[in-house]
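# Structure assessment
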Amino acid sequence: MMFKSTSLQQYNTFGLNAMAKKFAAFNNIEECKLLLAAAAQQQMPVRILGGGSNILLTQDVEHVLLKNDLLGMALLDRLGDLQLVSAAAGESWHSFVLWTLDQGLQGLENLSLIPGTVGAAPIQNIGAYGVEIKDYFHSLVAIDISSGHQHTFLKQDCEFGYRESIFKKKRAGEFVICEVRFLLNTIPKYNTSYGAIGEVIAQQGVQDISARAISKAIIAIRQSKLPDPAVIGNAGSFFKNPEISTERHDALVQLHPQMPSYKVNDNSVKVPAGWLIEQCGWKGYSANGVGVHKLQALVLVNYGQGKGQDVYKLSADIIASVQEKFDIVLEREVNIW
Ligand code: EPU
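None of these values were measured; they are calculated from a predicted model.

Analysis parameters
Residues numbered from 1 in each chain as written. Predicted model: local features only at pLDDT ≥ 70, side-chain atom pairs only at ≥ 80, totals over all residues. Heavy atoms only, no water. Salt bridge = Lys/Arg side-chain N within 4 Å of Asp/Glu carboxyl O. Helix = DSSP H or I, 4+ residues; strand = E, 2+ residues; numbered from the N terminus. Buried < 20%, exposed > 50% of the residue type's maximum accessible area, 1.4 Å probe, protein only. Pairing = 2+ DSSP bridges. Contact = heavy atoms within 4.5 Å. Axes fitted to C-alpha atoms, helices over the stretch in contact; angles between N-to-C directions. Near = heavy atom within 4 Å. Polar contact = N/O pair within 3.5 Å; in protein donor to acceptor, adjacent residues only side chain to side chain. Areas by Shrake-Rupley, 256 points an atom, 1.4 Å probe, with all protein chains shown as cover. Nonpolar A, V, L, I, M, F, W, Y, C, P; charged D, E, K, R; others polar. Disulfide = S-S within 2.5 Å.

Attention now moves to the pattern of salt bridges. Counting across every chain of the model gives 15 salt bridges. Residue Asp102 pairs with Arg212 through a salt bridge whose shortest N-O separation is 2.9 Å. Of this pair, Asp102 sits in helix α2 (residues 93–102) while Arg212 sits in helix α4 (residues 211–225), placing them 110 residues apart in sequence. For Lys240, the salt bridge goes to Glu331, with nearest N and O atoms at 3.4 Å. Residue Lys240 is located in the loop between β13 (233–237) and β14 (243–245), and its partner Glu331 is located in the loop between α7 (308–326) and β20 (335–336); the two are separated by 91 residues in the primary sequence. Classification of Glu331 as partly exposed rests on a relative accessible area of 47%. Taken together, the shared-partner salt bridges in this structure form one network comprising Glu164, Lys169, Lys240 and Glu331.

See below:
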């Protein structure tokens, strides 16, 4: 039998204990295609697992679960001041970012230390500290799960949005992402728009700004407020920051003058969900082994013995209380399995 019953505890950053009834890993494309064909023959639906850093396991997985272990990174074409690079989907995102810095390339430094794999990154267009991967994304190669055929998606095909892409919406669950390509800068072009970056670089005593210095600052900022999944189970931001109309915003500010917000365009603003959740009194909350991180209310945590159902219930209670207080409905960013 190709597929084995496997505990997923070490395969999800929440550290939740659920079983995958039919699990297999692949480290080359042929193997991946064979596993897809075997699943298709038995008419079993398939799911792909990367780093397990954006899923909440609330039950055992009945699908065939294929862990993407494709590895490899390479420098491809040089296009003027830009360098095309490629990474296999199973590579750890952070290792890939460090590798690009080792190559003297710039662009991904603001995305340092994000958990998960290269293949998962485009699915939700990962972003942090003023940069999203769509800013440097070139293309990806994926296998269609139902046909086994290979497809290339260019940037314009991916329908990237805030924590969104075609792979999370319209065509969710249809592809195995195998390889992702990025166009990076060979000459300095930094994004230091996020306030704390400059301050942290100064604190670190750095004289000249560089991609490496920004990466170090980002790592320090993340470590200061986000829990390390190796220590406390979590999946980063559990909710998206909601976007509301400018009129709604102006009315809410009358009631809550301290409410922070970021302009999206002339008609809408984004409000930090962490602030809304904190205002509802959830920050640092803990019950049944699960809770809300004490330094960042947007992050739900498993203290070790928690259950996925309890994290889910907590997220539902948070959504209800934010809706009651602010009339804003939070949307989960993490995929519920
Ligand atoms: N805030 C609070 N209380 C909290 C948390 C935040 O009042 O408990 C306030 C902060 O004071 C600040 C604002 O909310 O005014 C924004 O906070 P922060 O800069 O920490 O960022 P965020 O909006 O909470 C987003 C991303 C993070 C990303 C950071 C930095 C989403 C859903 N989250 O968080 O991404 O690292 O910005 O760019 O957009 C992730 O997606 O998993 C993730 C960690």
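Strand order across the open sheet formed by three strands is β14-β16-β15, with antiparallel pairing between neighbours. Two strands in the sheet have a free side with no partner beyond their single neighbour: β14 and β15 (262–263). As paired elements, β15 and strand β16 (residues 268–270) share two bridges and run antiparallel to each other. Counterpart to Tyr262 in the pairing with β16 is Lys270. Across the sheet, helix α5 (residues 246–255) lies against β14 and β16, angled at about 90 degrees from β14, the strand it touches most.

A few words now on the sheet that holds strand β2 (residues 19–26). Pairing is mixed in the open sheet, where four strands are placed in the order β1-β2-β5-β3. Across the chains shown, the open sheet's two edge strands, defined by having one partner strand only, are β1 (4–7) and β3 (46–49). Neighbour-to-neighbour, the strand axes of the sheet open up by a mean angle of 45 degrees, direction not taken into account. Examined bridge by bridge, β3 and strand β5 (residues 61–68) share four bridges and lie parallel to one another.

What follows covers the site of the ligand. Neighbouring residues of the ligand: 23 residues in total, closest Tyr129, Tyr162, Arg163, Tyr194 and Glu278. One of the side-chain N or O atoms of Lys225 is found 3.2 Å from an oxygen atom in the ligand. At 2.8 Å, a side-chain N or O of Asn241 approaches an oxygen atom of the ligand. Taken by itself the ligand offers 820 Å² of open surface, and the protein chains cover 80% of this. Element by element, the count of residues in the shell around the ligand is highest for helix α6 (residues 273–279), at three residues. Residues that form the shell around the ligand fall into these classes: ten nonpolar, six polar and seven charged.

Applying the stated rule across the entire model yields zero disulfides. Lacking any disulfide linkage, Cys32 is separated from the closest cysteine sulfur, that of Cys178, by 5.6 Å.

Read these as geometric descriptors, not functional statements.
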